[in-house]
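# Structure assessment
Here is what each chain is made of, one letter per residue.
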Amino acid sequence: MVRTVRTVLGDVDPADLGTCDAHDHLFLTSPQLPGQELDSPAAAAQELAAFREVGGESVIQWTPHGMGRRAGDLPELSRAAGVGIVAATGLHQAGNYTPELLDRLRTDGLADLFVREITMGIADTGVRAGLIKVAGGFHGLDAHARWTMEAAAEAHHATGAPITVHLELGTGALDVIDLLCGELNVPPERLVLGHLNRSPDLAIHHQVAEAGAYLAFDGPSRANHATDWRMPDAVQALTEAGFADQLLLGGDTTTAKARAVNGGPGLPHLLRRVRPRLELAVGKHVVGRMLRENPARAFAVAWA
């Protein structure tokens, strides 16, 4: 069956993603980010333009439901910058939401929401999501995480959409695989695990790769700078073990001060600084696959 990537401008050939930031945020709001919300369309436009200037061609936005996605703004931002954007449905950790919102989602049906946003559109924007984003906890899965992952698995089986997972400080990857792939029958190649660079345990990385999931290395993050420098070692180890085709790279810009337009690394940093550093470890050809061929496979779906 023909596989396509569901962007905010419609379904496209996977090859059209080009050079892809496989995990980032143009918009993101949360009670956990007071005063640092990503909620400015003008700033998002500047970031996309700066990313395009250094060769970026697409961005996978992992911002889920209820966290200020501004889905209605994404098509025009994509057109203006000439950068493809993939939007997300899904749900983050409970601390990002009010109890009232979570109660309403339990009543209305979380899986139904995910399916609706993938097949019909986010709210009344007409913009359809191309992935489901959920989150684990620190070295474990609480009841909220299990609820959201069960809904994500149901929505995946209904639509084919890939599932991306925020791993808290890079931990809990094997628990996520046990639940989503072992109990809920999500094919591991439909699973993308994020933040693995924040827990540079090479043995765990190898087990995740052996299970068949995609491993997303994203950052930099000031909170996790102590592990950022280990990422080339992890990428090199996985490449030498034969898992280069399962590796994705992203920037994961989550605060206003981290944006390039505000003096931070922002979206351009992935291609300006992270790419050449990784090329020293594994070569240009391998890094090129991580930025182009791998995301094209990871986010392409024969949509149901």
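Preceding this section is the structure that the text describes.
Since the model is a prediction, treat every value here as computed from it, not as a measurement.

Attention now moves to unusual backbone geometry. One non-glycine residue, Arg70, adopts positive backbone phi at about 50 degrees. For Arg70, the position within the fold is in the loop between β4 (58-61) and α2 (74-81).

Strands sit in the order β6-β7-β8-β9-β10-β11 across an open sheet of 6 strands; the sheet is parallel. Of all strands in the sheet, those bounded by a partner on one side alone are β6 (88-90) and β11 (247-250). Direction aside, the axes of adjacent strands within the sheet are offset by 30 degrees on average. Note: strand β9 (residues 191-194) against strand β10 (residues 214-218), 2 bridges, orientation parallel. Within β10, the position partnered with Val192 by the bridge is Tyr214. Against the sheet, helix α6 (residues 173-183) contacts β8 (163-166) and β9, and its axis sits at roughly 160 degrees relative to β9.

Between side chains of opposite charge, pairing is possible as soon as their charged atoms come close. The tally for this structure, following the rule as stated, stands at 11 salt bridges. Between Arg198 and Asp252 there is a salt bridge; the shortest N-O distance is 2.9 Å. Residue Arg198 is found in the loop between β9 and α7 (202-211), and its partner Asp252 is found in the loop between β11 and α10 (269-282); the two are separated by 54 residues along the sequence. For the residue pair Arg198 and Asp252, the accessibility class agrees, reading buried in each case. Across the pair Arg289 and Asp245 runs a salt bridge, and its minimum N-O distance is 2.5 Å. Placement of the pair is Arg289 in helix α11 (residues 284-291) and Asp245 in the loop between α9 (231-240) and β11, with a sequence separation of 44 residues. Where salt bridges share partners, they join Arg6, Asp11 and Arg128 into one cluster.

What follows covers the layout of surface pockets. Computed from the structure, the second largest pocket encloses a volume of approximately 230 Å³. Lining the second largest pocket are 16 residues, with Pro220, Asp228, Met231, His269 and Val274 positioned closest to its centre. Looking at the lining of the second largest pocket, the elements with two or more residues in it are β10, α9 and α10. The leading source of residues in the lining of the second largest pocket is α10, at 6 residues. Taken together, the residues of the lining of the second largest pocket break down into 8 nonpolar, 4 polar and 4 charged.

The strands making up a sheet are joined through hydrogen bonds of the backbone, oriented either antiparallel or parallel. The parallel open sheet is built from 3 strands, whose spatial order is β3-β4-β5. Single-partner strands in this sheet number two, and they are β3 (20-24) and β5 (84-86). In this sheet, adjacent strand axes meet at a mean angle of 20 degrees when their direction is disregarded. Across 3 bridges, β4 lies against β5 in parallel orientation. Each bridged residue has a counterpart across the sheet, and for Ser58 the counterpart in β5 is Gly84.

Rules used in this analysis
Residues numbered from 1 in each chain as written. Predicted model: local features only at pLDDT ≥ 70, side-chain atom pairs only at ≥ 80, totals over all residues. Heavy atoms only, no water. Helix = DSSP H or I, 4+ residues; strand = E, 2+ residues; numbered from the N terminus. Pairing = 2+ DSSP bridges. Axes fitted to C-alpha atoms, helices over the stretch in contact; angles between N-to-C directions. Contact = heavy atoms within 4.5 Å. Salt bridge = Lys/Arg side-chain N within 4 Å of Asp/Glu carboxyl O. Buried < 20%, exposed > 50% of the residue type's maximum accessible area, 1.4 Å probe, protein only. 1 Å grid on protein atoms, 1.4 Å probe; cavity = no way out; pocket = protein on both sides within 12 Å on 5 of 7 lines; lining within 4 Å. Points joined across faces, edges and corners; volume = space filled by probe spheres on them. Nonpolar A, V, L, I, M, F, W, Y, C, P; charged D, E, K, R; others polar.

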